Amino acid sequence: DAGITQSPRHKVTETGTPVTLRCHQTENHRYMYWYRQDPGHGLRLIHYSYGVKDTDKGEVSDGYSVSRSKTEDFLLTLESATSSQTSVYFCAISALAGGSNEQFFGPGTRLTVL
Amino acid sequence: DAKTTQPNSMESNEEEPVHLPCNHSTISGTDYIHWYRQLPSQGPEYVIHGLTSNVNNRMASLAIAEDRKSSTLILHRATLRDAAVYYCIRLLGGGSNYKLTFGKGTLLTVNP
């Protein structure tokens, strides 16, 4: 199994509070991704990183920011959590981008915003 | 939009082969076909991918039609642990595509 961990695994928070989710990898892969999974929507990309300090937006990036100060860690921050951000968040990594390269996923973080 | 079409659900018996179909009739020449699966309460798991030729790995086989408009994921002997949602995904071959677009997938039920 690819070495990907996510923390915390479960979190309950209140509307308006800041939340940071952490993804940590031991594979030294260049690319890291944050997805959210909601019933009826499948997985949707929030942000991705193609190197240290290099990040870009995905399809549902509003309300989220990311940071990657070192290869192994990719942080997802909800500056002011809202109930619509209740979801399961998955981190993924890949060595390269593009169609010939698989992504490996972490175990997920279940976030509930009350 | 890189759409694929899969049956909503399929059922199999343990230790029998399973053939999961996927239609991707609008596929272009540089699109790869990827399969992922997601077990209950877990993150998606990479299964296999291919471009033109059939592919085999320790988990499954991927049979790609000659015109590439469809493909089939083959689990040679289904086990109870194979019960999951299986996603068929098209990915552009170039380096510019970063996201996996998951549809609804096929829910595979394996009967003991």
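Here's a quick rundown of the structure. Predicted model only: the values in this text are computed from it and were never measured. Sequence order as written defines residue numbering, which begins from 1 separately in each chain. Throughout, the order in which chains and ligands are written sets their labels, letters from A for the former and numbers from 1 for the latter. This being a predicted model, a pLDDT of at least 70 is required before a residue's local features are given, and a value of 80 or more before pairs of side-chain atoms are given or counted; all residues contribute to the totals for chains, interfaces and linings. With hydrogens and water set aside, each side-chain value is computed from the structure's full complement of heavy atoms.

### So, the overall build of chain A
Note the following rule: For helices the rule is a DSSP run of H or I covering at least 4 residues; for strands it is a run of E covering at least 2, with both sets numbered from the N terminus onward. Computation of the radius of gyration draws on C-alpha atoms, with the globule rule given as 2.2 Å multiplied by the number of residues to the power 0.38. Relative accessibility under 20% of the residue-type maximum defines a buried residue, over 50% an exposed one, and the middle range a partly exposed one, all with a 1.4 Å probe and only protein chains included. We call two residues in contact whenever any of their non-hydrogen atoms come within 4.5 Å of each other. To measure how exposed things are, a 1.4 Å probe is used in the Shrake-Rupley method; for residues, cover is taken only from the protein chains shown. For this count, His and the chain ends are skipped, Lys and Arg are scored as positive, and Asp and Glu as negative. In this description, the location of a charge corresponds to atom NZ of lysine, CZ of arginine, CG of aspartate or CD of glutamate.
What chain A contains, in helices and strands, is zero helices and 11 strands. When the helices and strands of chain A are listed from N to C terminus, the series reads β-β-β-β-β-β-β-β-β-β-β. Rg of the C-alpha trace for chain A: 13 Å, near the compact-globule value of 13 Å for 114 residues, within the 12% margin. By the burial criterion, 50% of the 114 residues in chain A qualify as buried. Long-range pairs, those at least 24 residues apart, make up 56% of the contacts in chain A between residues at least 6 apart in sequence. By element, 47% of the accessible surface of chain A is carried by carbon and sulfur atoms, the whole surface being about 5200 Å². Within chain A, one finds 11 positive and 12 negative side-chain charges whose respective centroids are separated by 3 Å.

### Some details on the side chain of B:S61
All names here are of chain B. Quick note on the threshold: Under this definition, polar contacts are N or O atom pairs within 3.5 Å; protein pairs additionally need one hydrogen-donor-capable and one acceptor-capable atom, and for neighbouring residues in sequence, both atoms have to be side-chain atoms.
Residue position: S61 is located in strand β6 (residues 61-64). For S61, the side chain forms a polar contact with the side chain of N56, separated by 2.5 Å. Filtering out sequence-adjacent residues up to four positions away, S61 remains in contact with I48, V55, N56, T72, L73, I74 and H76.

### Here's the deal with the state of the cysteines
Rule in force here: Here, two cysteine sulfur atoms that lie within 2.5 Å of each other are counted as a disulfide.
This structure, assessed with the given rule, holds two disulfides over all chains. Paired through a disulfide, A:C23 and A:C91 show a sulfur-sulfur distance of 1.9 Å. The sign of the -70° torsion about the S-S bond sets the A:C23-A:C91 disulfide as left-handed. One end of the pair, A:C23, is in strand β3 (residues 19-25); the other, A:C91, is in strand β9 (residues 87-94), and 68 residues separate them in sequence. Relative accessible area serves as the criterion here: at 0%, A:C23 is assigned to the buried category. You can call A:C91 buried: its relative accessible area is 0%. Residue pairing for B:C22: its cysteine sulfur links by disulfide to B:C88, the two sulfurs lying 2.0 Å apart. Residues B:C22 and B:C88 are joined through a disulfide that is left-handed, its torsion about the S-S bond being -80°. Placement of the pair is B:C22 in strand β2 (residues 18-23) and B:C88 in strand β8 (residues 84-92), with a sequence separation of 66 residues. According to the relative accessible area criterion, B:C22 is buried, its value standing at 3%.

### Describing the interface of chain A and chain B
Stated formally: Here the quantity called buried area is the total loss of accessible area, with a 1.4 Å probe, experienced by two parts when brought into contact, counted for both.
At the interface, 20 residues of chain A touch 20 residues of chain B. Carbon and sulfur atoms supply 59% of the area buried between chain A and chain B, which totals about 1600 Å² over both sides. Three residues stand out in chain A for area buried against chain B, namely A:L43, A:G99 and A:F105, and they jointly supply 28% of the buried area on that side. Counting across the chain A and chain B interface gives two residue pairs in polar contact (both at pLDDT 80 or more).

### Considering the sheet that holds strand β7 (residues 64-70) of chain A
All names here are of chain A. Keep this limit in mind: The criterion for strand pairing is that DSSP finds at least two bridges linking the strands in question. Simply put, an axis is a line fit to the C-alpha atoms, just over the touching stretch for a helix, and the angle between two N-to-C directions goes from 0 to 180 degrees.
Pairing in this open sheet of four strands is antiparallel, and the strands run β1-β3-β8-β7 from one edge to the other. Each end of this open sheet is capped by a strand with a single partner; those strands are β1 (4-7) and β7. Taken over all neighbouring pairs, the strand axes of this sheet differ in orientation by 20° on average, direction set aside. Pairing of β1 with β3 involves four bridges; the strand directions are antiparallel. Across the sheet, residue S7 finds its bridge partner in β3, namely R22.

### Some remarks on the pattern of salt bridges
For clarity, the threshold we go by: A carboxyl oxygen of Asp or Glu within 4 Å of a side-chain nitrogen of Lys or Arg is what we treat as a salt bridge.
For the structure shown, the criterion picks out eight salt bridges over all chains. Its salt-bridge partner being B:R90, residue B:D31 comes within 2.8 Å of it at the nearest N-O pair. You can see B:D31 sitting in strand β3 (residues 31-38) and its partner B:R90 sitting in strand β8, a full 59 residues away along the chain. Here the residues in one salt-bridge network are A:R22, A:K70 and A:D73, joined through shared partners.

Honestly, it's all geometry; don't read function into it.
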